[in-house]
Amino acid sequence: MITITPEAIEAIRIFLEKKGLQKPLRIHLQSTGCCDASLGLTVDEVHDGDWSEEIQGILFVVGKDLEKMTGDIAIDYRAEPHSTGFVLTSENPVSEWSGFGVCSIKV
């Protein structure tokens, strides 16, 4: 269900280590302000009914409703001067702006 680039998994690992966190990362819907909803990442706990997948020692969780809506999810990491962060896209895009912007991990 989740595919992740080597750059993204390394950026996540560095973030979690710097923060001293060993919690799962939740993929969720977030508001992007002026644009439609997009997918984001936040440090969270596993909740009843969550779908989960462990990738290289990092546990990712997704609510069942979101998992049904999005299908497969891809996580990439972009490190550019004016656009650094994670790019989440899905098999079934959540908006016409899917993959357009970057997000950071929320704690």
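Residues numbered from 1 in each chain as written. Predicted model: local features only at pLDDT ≥ 70, side-chain atom pairs only at ≥ 80, totals over all residues. Heavy atoms only, no water.

Draft legend 1. Spatial organisation of the overall build of the protein chain. Each helix and strand in the protein chain was counted, giving two helices and eight strands. Beginning at the N terminus, the succession of helices and strands in the protein chain can be written as β-α-β-β-β-β-α-β-β-β. Relative to its length of 107 residues, the protein chain is compact, with a C-alpha radius of gyration of 13 Å against a globular reference of 13 Å. Here the C-alpha coordinates of the protein chain stretch approximately 40 × 35 × 20 Å along the principal axes. Once local pairs closer than 6 in sequence are excluded, the contacts in the protein chain between residues at least 24 apart make up 50%. (Helix = DSSP H or I, 4+ residues; strand = E, 2+ residues; numbered from the N terminus. Rg over C-alpha atoms; globule rule 2.2 N^0.38 Å. Contact = heavy atoms within 4.5 Å.)

Draft legend 2. Fine view of the pairing of strand S4 (residues 51–55). When S4 meets strand S5 (residues 58–62), the two strands line up antiparallel, connected through five bridges. Paired with Glu-53 across the two strands is Phe-60, which belongs to S5. (Pairing = 2+ DSSP bridges.)

Draft legend 3. Quick peek at the nonpolar core. Core analysis: the biggest nonpolar cluster contains 25 residues, and Ile-12, Ile-27, Phe-60, Ile-75 and Phe-86 have the highest contact counts within it. Residue assignment for this core shows that the elements contributing at least two residues are strand S1 (2–4), helix H1 (6–19), strand S2 (25–30), strand S3 (38–43), S4, S5, strand S6 (73–80) and strand S7 (83–90). At six residues, H1 tops the list of elements feeding residues into this core. Non-local contacts of Phe-86, meaning those with residues more than four positions away in its chain, are made with Ala-8, Ala-11, Ile-12, Leu-41, Ile-75, Asp-76, Tyr-77, Gly-101, Val-102, Cys-103, Ser-104 and Ile-105. (Core = buried A, V, L, I, M, F, W, Y, C linked by side-chain atoms within 4.5 Å. Buried < 20%, exposed > 50% of the residue type's maximum accessible area, 1.4 Å probe, protein only.)

Draft legend 4. A look at the pairing of S5. Summarising burial for S5: four of the five residues are buried, a large majority. With three bridges connecting them, S2 and S5 associate as parallel partners. Counterpart to Arg-26 in the pairing with S5 is Val-61. Hairpin connection of S4 to S5: two residues between the antiparallel strands, including Gln-56 at a positive phi of 50°.

Draft legend 5. Up close: the sheet that holds S3. Ordered in space as S4-S5-S2-S3-S8, the five strands form an open sheet in which the pairing is mixed. The sheet is open, and its two edges are formed by S4 and strand S8 (105–106), each paired on a single side. Where H1 meets the sheet, it contacts S2, S3, S4, S5 and S8, and its direction lies at approximately 100° from that of S5. (Axes fitted to C-alpha atoms, helices over the stretch in contact; angles between N-to-C directions.)

Draft legend 6. Highlighting the sheet that holds S6. As summarised here, the arrangement of the three strands in space is S1-S6-S7, forming an open sheet in which the pairing is mixed. Taken across any chain shown, the strands that pair with only one partner, and hence form the sheet edges, are S1 and S7. Looking at each pair of strands side by side, their axes are set apart by 20° on average, direction ignored. Bridge count for S6 against S7 is eight bridges, and the pairing is antiparallel.

In short, shape yes, function no, at least from these values alone.
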